Amino acid sequence: MQSLPIDGLFYIGLGAIFVVTTLLGFGIKRWTKQGLLGFYTLLATSLGLFFWLLLWFQEATRATFMGTIPWVLNLFFGTLLYLIFIGVSFLLFRRKRRHT
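Residues numbered from 1 in each chain as written. Predicted model: local features only at pLDDT ≥ 70, side-chain atom pairs only at ≥ 80, totals over all residues. Heavy atoms only, no water.

Asker: How would you sum up the environment of Thr64? Please name residues and give values.
Answerer: Along the chain, Thr64 falls in helix α2 (residues 35-64). When its relative accessible area of 44% is taken as the criterion, Thr64 is described as partly exposed. Linking Thr64 and Leu23, residues 41 residues apart in sequence, is a C-alpha distance of 33 Å. (Helix = DSSP H or I, 4+ residues; strand = E, 2+ residues; numbered from the N terminus. Buried < 20%, exposed > 50% of the residue type's maximum accessible area, 1.4 Å probe, protein only.)

Asker: Tell me about the pattern of salt bridges, residues and numbers included.
Answerer: Tallied over the entire structure, the rule returns one salt bridge. Between Arg62 and Glu59 there is a salt bridge, and its shortest N-O distance comes to 3.1 Å. Separated by three residues within a single helix, Arg62 and Glu59 lie in helix α2, roughly one turn from each other. Since its relative accessible area comes to 46%, Glu59 is described here as partly exposed. (Salt bridge = Lys/Arg side-chain N within 4 Å of Asp/Glu carboxyl O.)

Asker: Pulling in residues and values, what's your account of α2?
Answerer: Look at α2: 42 Å from first C-alpha to last across 30 residues, which is about the 44 Å you get at 1.5 Å a residue. Listing the buried residues of α2 in full gives Gly35, Gly38, Phe39, Thr41, Leu42, Ser46, Phe50, Leu53, Leu54, Phe57, Ala60 and Thr61. (Expected span 1.5 Å × (residues − 1).)

Asker: Explain helix α1 (residues 6-32) residue by residue, including any values.
Answerer: With 27 residues, α1 should cover 39 Å at 1.5 Å per step; its first-to-last C-alpha distance of 38 Å lies within 8% of that length. Considered for burial, the residues of α1 that qualify are Ile6, Phe10, Gly13, Leu14, Ile17, Phe18, Thr21, Gly25, Ile28 and Lys29. Looking at the buried positions of α1, the neighbouring elements they touch are α2 and α3 (68-94). Downstream of α1 by a residue or two, Lys33 has a phi angle that is positive, lying close to 65°. (Contact = heavy atoms within 4.5 Å.)

Asker: Can you break down the nonpolar core residue by residue, with the values?
Answerer: By size, the foremost hydrophobic cluster in this structure holds 17 residues, and its most contacted members are Phe18, Leu42, Tyr82, Phe85 and Ile86. Sequence-distant contacts of Phe18, that is, excluding residues within four places in its chain, are made with Leu81, Tyr82 and Phe85. (Core = buried A, V, L, I, M, F, W, Y, C linked by side-chain atoms within 4.5 Å.)

Asker: Account for the packing of aromatic side chains, with residues named and values stated.
Answerer: Counted by the stated rule, this structure contains 11 aromatic pairs. Ring centres 6.4 Å apart and planes at 55° place the aromatic pair Phe39 and Phe93 in the tilted group. Pair noted here: Phe39 is in helix α2 and Phe93 is in helix α3, with a separation of 54 residues, a long-range link. According to the relative accessible area criterion, Phe39 is buried, its value standing at 6%. The interplanar angle of 45° and the centroid separation of 6.4 Å between the aromatic rings of Tyr82 and Phe85 together place this pair among those described as tilted. Residue Tyr82 and its partner Phe85 are located together in helix α3, separated by three residues, close to a single helical turn. Residue Tyr82 is classed as buried on the basis of its relative accessible area of 5%. Site record: aromatic cluster; members linked through ring pairs are Phe18, Phe50, Phe51, Tyr82 and Phe85. (Phe/Tyr/Trp six-rings, centres within 6.5 Å; stacked < 30°, edge-to-face > 60°.)

What follows is the structure, encoded as structure tokens:
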């Protein structure tokens, strides 16, 4: 059985962070009826998990001897995806519902 490469696991972990923190944020938003509180919860939990994922990725790539350029490109692209996720999440949580 062939296992996934470390960078594949990095992106799977990034996707899992996105799904889990989005569900948590929308749950808080629904429970408290405050969109910004849901966003701040999403931001705090996703930021903590993202830094943990970066530390894990650094240790895992050190153990497998990944080159410097692929490591930097993966970190750059992962950070770019994370910033896009935060921006889209902010826009979704900030959106006001119109009652007509």
